[in-house]
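What follows is the residue order along each chain.
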Amino acid sequence: MAAAWGRRGGPALLRGALGAAHGRACGSGAPVRARAQELQSSGRARLLREHAAPFSAFLTDSFGRQHNYLRISLTEKCNLRCQYCMPEEGVQLTPKSELLTAQEIITLAGLFVKEGVEKIRLTGGEPLIRPDVVDIVGQLYKLEGLKTIAITTNGINLARLLPRLKEAGLNAINISLDTLVPAKFEFIVRRKGFHKVMEGIHKATELGYRPVKVNCVVMRGLNEDELLNFVDFTKDLPLDVRFIEYMPFDGNKWNFKKMVSYKEMLDTIKQRWPELEKLPCEASSTAKSYKVPHFRGQISFITSMSEHFCGSCNRLRITADGNLKVCLFGSSEVSLRDHLRSGASEEELVQIIGAAVSRKKKQHAGMFNISQMKNRPMILIEPALMSFPLHQNALQNPPYSKQWGHTFSHWLTLRASLSKQMGKALIRNKLRKQLILPGFHPEQQWYLRTRILQTQLRGFCVFQKDSSSASDTKCLEASPVGQVSVDSQFKKASPGSELSNRNSGSCTKAHRASDTLTHTDEEGRATMVDVGGKPESRRSAVAVAIVRLGEKAFGMVRQNQMKKGDVLAVAQIAGIQGAKLTSQLIPLCHNIPLSHVEVSLRLDEARCAVVIHCSCQTWGKTGVEMEALTAASLAALTVYDMCKAVTHDIVIEEVKLLSKTGGQRGDFSRV
C-alpha cells in the first residue's frame, strides 16, 4: 500500500486526470481556462478527500500535533526596509550558492507533501522578487496531495505578476500593509510603493481571490490609531484584515510598550461597532475572526503574544538556505540542504525531519524570554508575519472612492502616540478663557484616551466664560469636521521662491491690524469668519520654534540613540500632518487645501537645541499662518515627547511667525 501511494500521494490516476484538465485549460481562451481551473481545483479537492491516507508519524510531534502546513522562504532579499523588520542598510545575505535552488525547493516540498503536508506558503524576504517564482508555483501545483499554494507578499510586484501566478496554480494571498497613510507607509518601509500595494490588493479581488488577506502588524505609537480605518476598509471589499500583535525579535529592538494586545484592539473596535460578530474558526487556525454585519469582508486577530496558539500549531518552516525550523520562535535549526546535497536518500531525509519534529516543544517561550533571545534576522525567516523623509508625491493621491472604490473618513491622521503633555497642549486653545473638549458625533461614539489624541473627532464644544458675568457659561457647538483635502508637494523652496522673499528684502510691513476681534460676533460669542467674498490669491507663511534639550538629550538626538526612535524624522512627520489638521485642532480655522508643506529640523550645537522651520503655501481666500504655527508647535511637542524620558529640563521657546505673504492686509516679515 505504501509503495502504491508513496506514503501519502494519490494514485497515478489523480495526476493523469488533473494533468489532462490543466492541458485542456491551457489550450483555450481565458474564460474557458478560468472555468477549467475552477473545475480542476474542485475535482482535485474531492479526489484528495476520497483517497486520503493516515497522517504520517514523521510529521506528528510528541504532543500529537500533526504538521500539515509548510512555509518555504524563497529568498532572503526584500525590496523594502521595514523599520520593525530589518535595518535600513539591509542584512548580510547568504551567498547565492548556499540558497536552495528551485529544484531543491520542489524536491523538499514533494517530500513533505508525501508525508502529509496539504498547504504550502511561499514567503521571503519578498518572494515575488525571485525571478522563477511563477515556475516554482507551477511545479508545486503538480504535487499530488497538495491542496493549497499560498504566498505572503509586500504587494509591490503583485499586480504585475498575479495573473501569471493564478494561472500557475496560486490560490491564496496574504498582503502585508501596516498603514493606510501614504506618507506613513514610506516612513515605515523606507521606500515608495503605497499605490502599488493598493493596486495589488484590488487586482487580487478582481481575479476572484476570496478572501484577500491583509496583514497589519499593530505597533503602539505608529499605527494603532488606524484600527478603525482598517476595519472600514473591509466594508466594500472581500478582505480579511488580520491585526497581528507586534512580535519580539532581537533584530527589531522590541520592547513591551510597543505591543498592542488583541483585547485592547478589540475593545477599541467595539467602541465604534458594538455589533461586531465573532466568527467560527478551525481548530488549527491562528486567527480569531470577527465581522461587522453587512460588511463584505472581515477582520482577524493573530494573538501570538497575548494568547499563543502553540497547542494547535501545525506549521513547519524552511528558510531560504534550507534549514528546517519547527518553531518560529525557536533558535534550533536543521540543515536539509546539506543532507540533500550530500546525497541523503528520501528515507534518510524523512528520518531527519521526523527527529526534528519530535523535538518540538509544547509551546514557545514567554514574552520576556522571547524578547531577550538572539534569533536569526527576521527578514530571513518570517517578515510578513511581523508582517519620513517624504517624497513629493507621497500624499498627492490618497485613495478616495473613485480611485480605489473605498472612502476613508480622514485619510491623513496625526501620529497617535502623543504624550499626555502633547495631548493636553493640543486640546487647550490659546484663546483666553476657552477650553476645547472633544464632542462625539452620534454615529461615532469613540473615546479619547489619555495618551491618544483622536484625529477623527467630528465636533467640538467650546466653553467660554462671559467676561461680564461671574457665572454665565455658554456652550457653542462647532460644525462637524469634514474630510481633509490635501494635495501636498513636498519640495524644497528655492531661494527665489515666495517662501524666501523675507531674505530678498521684498517684503513690506504689514498693514495696521483691525482694532476689533474678527472671530467674535456682536454678543461676544466665538464665530468663524466668512471668507466667501474674499478674492483668491497665493498665500504663504513661515514659522519657527526652538526646543532646548540640554547637553545629554541633545547628544542622544544627534547620535539617534533615543529609545522611541528617530526624533527628527518623527517630529517632521508630526509637523507636516499637524499643518494639514489645523482646522481640526483650532476650532475657528478654515479647512485649507495646502499645496505645499515643508518642515525641516536643524541641530544647533551651541544652544543644544533643535531649530524647527515650517513653511506652508496655498492658493485660496485665507492665509496659512495658523498652519505654519501649528506645524512648528506639533513638531516641537513631538521632540519633547520623544526626549522627556531622558530629561524634563526641556524648554520650548520662540514659537513665532517669521513671515507671511498674500491677503488684504499685505505681507509681513519679522525683522
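Cut-off values and rules
Residues numbered from 1 in each chain as written. Predicted model: local features only at pLDDT ≥ 70, side-chain atom pairs only at ≥ 80, totals over all residues. Heavy atoms only, no water. Helix = DSSP H or I, 4+ residues; strand = E, 2+ residues; numbered from the N terminus. Buried < 20%, exposed > 50% of the residue type's maximum accessible area, 1.4 Å probe, protein only. Areas by Shrake-Rupley, 256 points an atom, 1.4 Å probe, with all protein chains shown as cover. Pairing = 2+ DSSP bridges. pLDDT = per-residue confidence, 0-100. Contact = heavy atoms within 4.5 Å. Expected span 1.5 Å × (residues − 1). Axes fitted to C-alpha atoms, helices over the stretch in contact; angles between N-to-C directions. Parallel < 35°, antiparallel > 145°, perpendicular 65-115°, else oblique. Left-handed = near helix turned anticlockwise from the far one by under 90°. Nonpolar A, V, L, I, M, F, W, Y, C, P; charged D, E, K, R; others polar. Salt bridge = Lys/Arg side-chain N within 4 Å of Asp/Glu carboxyl O. Core = buried A, V, L, I, M, F, W, Y, C linked by side-chain atoms within 4.5 Å. Disulfide = S-S within 2.5 Å. Polar contact = N/O pair within 3.5 Å; in protein donor to acceptor, adjacent residues only side chain to side chain.

Chemist: Would you take a moment to explain the overall build of the chain for this structure?
Modeler: In terms of helices and strands, the chain carries 20 helices and 20 strands. Across the 671 residues of the chain, 54% fall into the buried class. When the accessible area of the chain is evaluated, it comes to approximately 30,300 Å², of which 52% is carbon and sulfur surface.

Chemist: Please clarify how the sheet that holds strand S11 (residues 323-325) should be interpreted in this entry.
Modeler: The strands that make up a sheet pair up through hydrogen bonds in the backbone, lying either parallel or antiparallel. Spatial ordering of the open sheet is given by S7-S8-S9-S6-S5-S4-S3-S2-S1-S10-S11-S12, a layout of 12 strands whose pairing is mixed. Strands at the two margins of the open sheet, each flanked by one partner only, are strand S7 (277-278) and strand S12 (334-335). For strand S6 (residues 239-245) and strand S9 (residues 298-302), the ladder comprises five bridges, and the chain directions are parallel. Across the sheet, residue arginine 242 finds its bridge partner in S9, namely serine 300.

Chemist: How do you make sense of the confidence of the model for the chain when you look at a structure like this?
Modeler: Interpretation of the predicted coordinates at a detailed level should be avoided for regions scoring low in pLDDT. Mean pLDDT over the chain stands at 74; residues scoring 70 or higher make up 66%. Scored below 50 in pLDDT, residues 1-33 makes 39 contacts in the model with residues more than four places away or belonging to other chains. Confidence drops under a pLDDT of 50 for residues 370-514, and excluding neighbours within four residues, the segment shows 364 contacts in the predicted structure.

Chemist: Explain helix H4 (residues 102-115) to me, please; I cannot follow it from the model alone.
Modeler: One turn of an α-helix holds 3.6 residues; hence residues three or four places apart share an orientation. The terminal C-alpha atoms of H4 lie 20 Å apart, and with 14 residues this matches the ideal 20 Å at 1.5 Å per residue to within 8%. Burial runs high along H4: 10 of the 14 residues are buried. Listed as buried for H4 are Glu104, Ile105, Ile106, Leu108, Ala109, Gly110, Leu111, Phe112, Val113 and Glu115. The first or second residue beyond H4 is glycine 116, which carries a positive phi of 130°.

Chemist: Looking at this structure, how should I read helix H17 (residues 551-558)?
Modeler: Within the sequence span of H17, burial applies to Ala553, Phe554, Gly555, Met556 and Val557. Elements in contact with the buried residues of H17: helix H18 (567-580), strand S17 (596-604), strand S18 (609-620) and helix H20 (625-643). Asparagine 560 lies just past H17 and shows a positive phi near 55°.

Chemist: Looking at this structure, how should I read the sheet that holds strand S19 (residues 651-661)?
Modeler: Strand order in the open sheet formed by five strands is S17-S18-S16-S19-S20, with antiparallel pairing between adjacent strands. Lying at the two open borders of the sheet, with one neighbouring strand each, are S17 and strand S20 (668-669). Judged from the two bridges that link them, S19 and S20 form a sheet pairing that is antiparallel. Bridged to serine 659 within S20 is serine 669. Contacts between H20 and the sheet are confined to strand S16 (537-548), S17, S18 and S19, with S16 contributing the most and set at about 25° to the helix.

Chemist: For this particular structure, what's the right way to read the packing of helix H6 (residues 158-168) against helix H8 (residues 194-206)?
Modeler: Following both chains from N to C, one finds H6 and H8 inclined at 25°, their axes separated by 8 Å at the closest point. In terms of their interaxial angle, H6 and H8 are classed as roughly parallel. Both H6 and H8 take part in a crossing whose hand is right-handed. Where H6 approaches H8, its residues Leu158, Ala159 and Leu162 are matched on the opposing element by Glu199, Gly200, Lys203 and Ala204. Here the residues of the contact of H6 with H8 are counted per class, giving four nonpolar, one polar and two charged.

Chemist: What's the story with the pattern of salt bridges in this structure? I'm lost.
Modeler: Pairing between side chains becomes possible if they bear opposite charge and their charged atoms approach one another. Per the stated rule, a full pass over the model turns up 17 salt bridges. In this structure, glutamate 264 and arginine 220 form a salt bridge, with 2.8 Å as the shortest nitrogen-oxygen distance. Highlighted residues: glutamate 264 in helix H10 (residues 262-272) and arginine 220 in the loop between strand S5 (212-218) and helix H9 (227-233), separated in sequence by 44 residues. A residue is classified by how much of its surface remains accessible, and arginine 220, at 24% relative accessible area, is partly exposed. Notably, a salt bridge pairs lysine 644 with aspartate 641, separated by 2.8 Å at the nearest N-O pair. With a relative accessible area of 1%, aspartate 641 lands in the buried category. Sharing partners across several salt bridges, the network here consists of Lys184, Asp225 and Glu226.

Chemist: Any chance you could explain the nonpolar core here in plain terms?
Modeler: The tendency in soluble globular proteins is for nonpolar side chains to be buried side by side. With 142 residues, the main nonpolar core has Phe112, Ile120, Leu140, Leu177, Phe243, Leu549 and Ile612 as its most contacted residues. It is H20 that provides the largest number of residues to this core, a total of 10 residues. Discounting residues that sit within four places of it in the chain, phenylalanine 112 has contacts with Leu59, Leu70, Val117, Leu316, Ile318, Leu324, Leu336 and Ile353.

Chemist: Could you clarify how one ought to interpret the pairing of S18 in this entry?
Modeler: Along any regular strand the residues' side chains alternate between the sheet's two faces. Burial analysis of S18 places 10 of its 12 residues in the buried class, the great majority of the element. Bridge analysis of S17 against S18 gives nine bridges, and the strand direction is antiparallel. Bridging from a neighbouring strand, arginine 602 pairs with valine 611 of S18. Linking S17 back to S18 in an antiparallel pair, the connection comprises four residues, with cysteine 608 at a positive phi of about 50°.

Chemist: Quick question: what am I supposed to make of the packing of helix H5 (residues 133-141) against H6 here?
Modeler: In a packed pair of helices, the relevant descriptors are the angle between the two axes and the axis-to-axis distance. Relative orientation of the contacting elements H5 and H6 amounts to 20°, with a least axis distance of 8 Å. One element, H5, and the other, H6, form an angle in the roughly parallel class. Considering only the axes of H5 and H6, their crossing is right-handed. Contact with H5, carried on its side by Val133, Val134, Val137, Gly138 and Tyr141, involves Leu161, Arg164, Leu165 and Ala168 of H6 and no other residues of that element.

Chemist: So what exactly am I meant to see when it comes to the state of the cysteines here?
Modeler: Such a bond, covalent and formed between the sulfur atoms of two cysteines, is termed a disulfide. Per the counting criterion, the structure on display carries zero disulfides. Distance from the sulfur of cysteine 327, which forms no disulfide, to the nearest cysteine sulfur (cysteine 310) is 6.3 Å. Take cysteine 327: its relative accessible area is 23%, and that puts it in the partly exposed class. Free cysteine cysteine 614: the closest other cysteine sulfur is in cysteine 616, separated by 7.1 Å.

Chemist: Help me understand unusual backbone geometry in this model?
Modeler: Cis geometry is adopted by the peptide bond preceding glycine 125, which originates at glycine 124 and carries an omega value of 5°. Each neighbour pair has its own omega, and for arginine 210 with proline 211 the value is -10°, a cis peptide bond. We note that histidine 294 has phi near 75°; this positive angle belongs to a residue other than glycine. Inspection of the secondary structure assignment puts histidine 294 in the loop between strand S8 (287-291) and S9. Despite not being glycine, cysteine 608 shows a phi value in the positive range, around 50°. Structurally, cysteine 608 can be placed in the loop between S17 and S18. Note on cysteine 608: relative accessible area 17%, which makes it buried.

Chemist: What am I meant to see in the side chain of threonine 152 here?
Modeler: Here threonine 152 shows up in strand S3 (residues 148-153). A polar side-chain atom of threonine 152 sits 3.0 Å from a polar atom in the side chain of arginine 121.

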